[in-house]
Amino acid sequence: MAGGLVALLDDIAALVKLAAASVDDVGAAAAKASVKATGVVVDDTAVTPRYVQGLAPERELPIIKKIALGSLRNKLLIILPVIMLLSQFLPWLLTPTLMVGGAYLAYEGAEKVWELVSDHHAEEPETGEVDESAVVAGAIRTDFILSAEIMVIALNEVDTEPFLSRFIILVIVALLITALVYGVVGLIVKMDDVGLHLAERDSGASQRIGRGLVKGMPKLLSVLSTVGIAAMLWVGGHILLVGVDELGWHPLYDLVHHLEEGVAGVAGVGGVLAWLVNTLASALIGLVVGAIVVAALHVVPRRRKADETASAH
């Protein structure tokens, strides 16, 4: 009996070790998948703060909470079931679906570049009383597109895992990404309030820090917006670069890979240079594809309308 008990304990210990290893594997896969979605996360973090502009300070965090809950519903109740079924029964659709999202990211980035270099800037939000329900609904609609891209990118990183593992990993990714994005957004939108509070203290050091926070927030938002644009072009272009290679058209990917190999041997900085080459090439591809879409959707129709107006006069 004692021998049987020892054997049973050994089996239990082995199962515990196996379960622990599985948890570690799932955690590592979730972390890897989350990192791959970083570009979209930056974009999401850069976009969201504008939705609380014009709101009373005491309503900012409650609105962000509502948007975060809506984002979580998007990911867990709509996007996750759809992409899990897709990965299980139509896995060949994953790459084209991911490329559609990549093209959309490239378009978003190129559109923002177009707004910066032309006079066609996005309209500023009107001042006055803000409809909170409309703000939340609009933010959740925008979040749906970004959340779908995040989840598909994450799925693409773990598509060889068993079904249950994929499901658990994507749930973890959804929770982590949502907490990260809206936690950072909450800090950003309240940072100026923290600065004002510190500036009113008696301590000279607190006042200097407070004034620095108040003055620095517009610059931080500007930098974040620029990083978001670069991230959209880079991530979108990289998705398209890898996608066309996986679909069977190899010349473009091979060219970029050849350029990477050309600098990879540089002593001390070869890895960094190779990453920069891939990143710049991806961003350029994203900019070109995005510019084509922007031209098709905005520039050409606008000029055609202008020509028709001129002809009418």
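Given the structure is predicted, the values throughout are model-derived calculations rather than measurements.

Asker: Could you clarify how one ought to interpret the overall build of the protein in this entry?
Answerer: Counting its regular elements, the protein contains nine helices and zero strands. If you list the helices and strands of the protein from N to C, you get α-α-α-α-α-α-α-α-α. Residue burial in the protein is summarised as follows: out of 313 residues, 35% are buried. The long-range fraction of contacts in the protein, counting pairs at least 24 apart against all pairs at least 6 apart in sequence, stands at 78%.

Asker: Honestly, the environment of serine 147 in this entry has me stumped. Any pointers?
Answerer: Relative to the helices and strands, serine 147 is located in helix H5 (residues 132–157). Remark: the alpha-carbon pair of serine 147 and isoleucine 177, spanning 30 residues in sequence, is separated by 9.1 Å. Filtering out sequence-adjacent residues up to four positions away, serine 147 remains in contact with Ser71, Lys75 and Ile79.

Asker: What exactly am I supposed to notice about the nonpolar core here?
Answerer: One broad rule of soluble globular proteins: the nonpolar side chains tend to lie buried together. Of all hydrophobic cores here, the largest spans 39 residues; its most connected members are Ile67, Ile83, Met151, Leu170 and Tyr182. Going through the elements one at a time, helix H3 (57–89), helix H4 (94–117), H5, helix H6 (163–199) and helix H7 (204–246) are the ones with two or more residues in this core. At eleven residues, the largest contribution of residues to this core is made by H5.

Asker: Help me understand the environment of valine 173 in this model?
Answerer: Of note, valine 173 is situated in helix H6. In this structure valine 173 comes out as buried when scored by relative accessible area, which is 0%. In this structure the C-alpha to C-alpha distance between valine 173 and isoleucine 150, which are 23 residues apart in sequence, comes to 8.8 Å.

Criteria and thresholds
Residues numbered from 1 in each chain as written. Predicted model: local features only at pLDDT ≥ 70, side-chain atom pairs only at ≥ 80, totals over all residues. Heavy atoms only, no water. Helix = DSSP H or I, 4+ residues; strand = E, 2+ residues; numbered from the N terminus. Buried < 20%, exposed > 50% of the residue type's maximum accessible area, 1.4 Å probe, protein only. Contact = heavy atoms within 4.5 Å. Core = buried A, V, L, I, M, F, W, Y, C linked by side-chain atoms within 4.5 Å.

Shape descriptors only; they carry no functional weight alone.
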